[in-house]
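# Structural description and commentary
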Amino acid sequence: MDCDVPVDDYCNARQDNNIEIPENIHSTDHFFIVFEVDTTYPRSFYYNNNQEEEEDFEEDEFVRVEKTDSFWIRCPRIEHENLSRDTISDMLSQAGVPIHKQDSMVDEISDCADEIANSTFNNGVRVLPMLVSVSTVACFCYYEDEEDVNGDQQKEIGFDH
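Quantities reported herein were computed from a predicted structural model and do not represent experimental measurements.

## Concerning the pattern of salt bridges
Summed over all chains, the structure comprises nine salt bridges. Notably, a salt bridge pairs Arg14 with Asp16, separated by 3.5 Å at the nearest N-O pair. A salt bridge links Asp103 to Arg85; the nearest nitrogen and oxygen atoms lie 3.0 Å apart. Highlighted residues: Asp103 in helix H3 (residues 103–118) and Arg85 in helix H2 (residues 85–94), separated in sequence by 18 residues.

## Remarks on the sheet that holds strand E2 (residues 30–42)
Ordered in space as E1-E4-E2-E3, the four strands form an open sheet in which the pairing is mixed. Each edge of the sheet is formed by a strand with only one pairing partner; in this case those strands are strand E1 (10–15) and strand E3 (62–74). For this sheet, the mean angle separating the axes of adjacent strands, direction not counted, is 15 degrees. One ladder, built from 13 bridges, connects E2 with E3; its direction is antiparallel. By the bridge assignment for E3, Glu36 is matched with Thr68. Against the sheet, H2 engages E2, E3 and strand E4 (127–137), with an angle of about 140 degrees to E3. With respect to the sheet, H3 is in contact with E1, E2 and E4, its orientation differing from that of E1 by roughly 10 degrees.

Cut-offs used in this document
Residues numbered from 1 in each chain as written. Predicted model: local features only at pLDDT ≥ 70, side-chain atom pairs only at ≥ 80, totals over all residues. Heavy atoms only, no water. Salt bridge = Lys/Arg side-chain N within 4 Å of Asp/Glu carboxyl O. Helix = DSSP H or I, 4+ residues; strand = E, 2+ residues; numbered from the N terminus. Pairing = 2+ DSSP bridges. Axes fitted to C-alpha atoms, helices over the stretch in contact; angles between N-to-C directions. Contact = heavy atoms within 4.5 Å.

On their own, these measurements won't tell you what the molecule is for.
What follows is the structure, encoded as structure tokens:
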């Protein structure tokens, strides 16, 4: 699929108090963000770009690949930009979302982070849980973007030691 073909990519970010949060080792307020990314590939495209053995599918079927990543990100508790655009883009990239598909997703996640950080419900809460659900349709440049992501992913983006 060409990159200029419009597709229905989806992103939803929300506070989720049901996320299983590992022990908080941080002394400052942090977001604990879980990304659930679902990517749909045309079957022939997926198997032509992966080492996996092709199964017997109908010609027009698709392959869905699900990936989950989690991140600890420091939260400054300010009115706007509690997560920078660069930090959000880095997380999306590490979760497998191509850069050219991220623009509206970054806005959605940034707005949600500001709402969570400034909610009176979260006053005094040190760990702010956020669930980000993303669904994308792969395009031909997907593997080019994926190869740019470092395999040894840094999971504490923006964390000051």
